[in-house]
Amino acid sequence: MIRIEALTVAYGDKLVLDRFSLELPGEGITALSGPSGCGKTSLLRVLAGLQKPQGGRITGLPAHPAILFQENRLLPWRTVGEQITDVLPPARRDELPRWLALAELEGEQDRFPSQLSGGMQRRLALARALALGGGIYLLDEPFTGVDPARQARLMTAIRALNVPTLLINHEPSAVRLADAVVPLDGPPLTRLP
C-alpha cells in the first residue's frame, strides 16, 4: 500500500494539491482521472522524485520508479531498437524482441522515430519505460494516439509484468480497463467486476 498524506504542491501562489491524502494499492493498475490542472501529473512527478512537494509525506513507495512522460522524449538519431536497448543493461539486451512484441513494433527496430506514426512513437516510448523496469511504473498518458483495441492489449501486457502501475489517461476506454480508478476531483472508485 502506498500512502500519500497531506501532500501539498504549489507553483508560486497556485496551489495544485492542497493537503492531498490517498492510499493506493501496491499492486495492479491504478488510473488517476480528473480534469486538466487538478494535479495528476504533479502527483506523478512527486512520486518519481522529480519534484519536491511543499508539504506532506509518502510511505510504501517502491524503489526505482520508471516514468513515462507526457512527451515521448525519443532520440531522433537512435533507431527503434536502440531506443530500447539503450535503457537495458548489457546482460539484458537480448530482451529487445520481447519489448518490441509488447509494443506491437516487431520488424520496426531499424526505423527512426521520424519514420513512425504518432501512435507508434508513443508505443515505443512506453516500451522503453517498461523495459527500464523498476519497482513501480508511473505512466502519464501512455495511450495517446493508440486505438482502443491496442490499448486493451497493452493494458493486458502491462498487467502481466506484475509491477504496480499508476497511470494517467484521458481515454475512457483505457481507464475502464484499470483495476482501480482514483478521480482526483472526487471519491476513489474501484472497477466493478
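Residue numbers run consecutively from 1 along every chain, following the written order of its sequence. Local features are withheld for residues below a pLDDT of 70 in this predicted model, meaning they are given only at 70 or higher, and side-chain atom pairs are given and counted only at 80 or more; totals for whole chains, interfaces and linings count all residues. The side-chain figures draw on all heavy atoms in the structure; neither hydrogens nor water molecules are used.

(A) Here's a closer look at helix α4 (residues 118–132). Secondary structure elements are taken from DSSP: a helix is a run of H or I of four residues or more, a strand is a run of E of two residues or more, and numbering for both begins at the N terminus. Given the number of residues in a helix, its expected span is that number minus one, multiplied by 1.5 Å. Helix length check: α4 (15 residues) gives 21 Å between terminal C-alpha atoms against 21 Å at 1.5 Å per residue, within 8%. Residue burial is assigned from relative accessible area. The probe radius is 1.4 Å, only protein chains are included, and a residue is buried under 20% of its type maximum, exposed over 50%, and partly exposed in between. Of all the positions in α4, only Gly 119, Met 120, Arg 122, Arg 123, Leu 124, Ala 125, Leu 126, Ala 127, Arg 128, Ala 129, Leu 130 and Ala 131 are classed as buried.

(B) Structural view of the confidence of the model for the protein. Looking at the protein, the pLDDT average stands at 90 and 94% of residues meet or exceed 70. Predicted confidence is poor over residues 189–193, with pLDDT under 50, and the contacts of this stretch with residues over four places away or in other chains come to twelve contacts. The predictor reports its confidence for every residue as pLDDT, a score running from 0 up to 100. Two residues form a contact once any of their heavy atoms are found within 4.5 Å.

(C) Region of the structure containing the side chain of Arg 122. Position of Arg 122 relative to the elements: it lies in helix α4. An unpaired buried charge is present at Arg 122: no salt bridge exists, and Asp 140, the closest side chain of opposite charge, is 6.2 Å distant. For Arg 122, the residues in contact, after removing those within four places along its chain, are Leu 68, Phe 69, Gln 70, Glu 71, Asn 72, Asp 140, Glu 141, Pro 142 and Thr 144. Counting rule for charge: Lys and Arg are taken as positive, Asp and Glu as negative, and neither His nor the chain ends is counted. By convention in these notes, a salt bridge is any Lys or Arg side-chain nitrogen within 4 Å of a carboxyl oxygen on Asp or Glu.

(D) Just the sheet that holds strand β4 (residues 55–59), in detail. By definition, two strands form a pair when at least two bridges between them are found by DSSP. Judged by pairing direction, the sheet is antiparallel, and its three strands sit side by side in the order β2-β1-β4 without closing on themselves. Because the sheet does not close on itself, it has two edges, and the strands there are β2 (14–24) and β4. For this sheet, the mean inter-axis angle between neighbouring strands, taken without regard to orientation, is 20°. Here seven bridges tie strand β1 (residues 2–11) to β2, and the two strands are oriented antiparallel to one another. Paired with Ala 10 across the bridge in β2 is Leu 15. Every angle, taken between N-to-C directions, lies between 0 and 180 degrees, and every axis is a line fitted to C-alpha atoms, over only the stretch in contact when it is a helix. Its contacts with the sheet put helix α1 (residues 40–47) on β1, β2 and β4, and the angle it makes with β1 is roughly 115°.

(E) Unusual backbone geometry, seen in detail. With a phi close to 50°, Ala 6 is a non-glycine residue in the positive phi region. Since its relative accessible area comes to 18%, Ala 6 is described here as buried. Positive phi outside glycine occurs at Arg 73, with the angle close to 55°. Mapped onto the elements, Arg 73 comes out in the loop between β5 (65–68) and α2 (80–85).

(F) Representation of the packing of aromatic side chains in the model. Geometry of aromatic contacts follows a simple scheme: Phe, Tyr and Trp rings, the Trp one being its six-membered ring, pair when their centres are within 6.5 Å, and the pair is stacked under 30 degrees between planes, edge-to-face over 60, tilted otherwise. With the rule as written, the count across this model stands at zero aromatic pairs. Only lysine NZ and arginine CZ atoms are considered, and such an atom sits over a ring when it is within 6 Å of the ring centre and within 35 degrees of the ring normal. Over the aromatic face of Phe 69 sits the side chain of Arg 73, whose NZ or CZ is 3.7 Å from the ring centroid.

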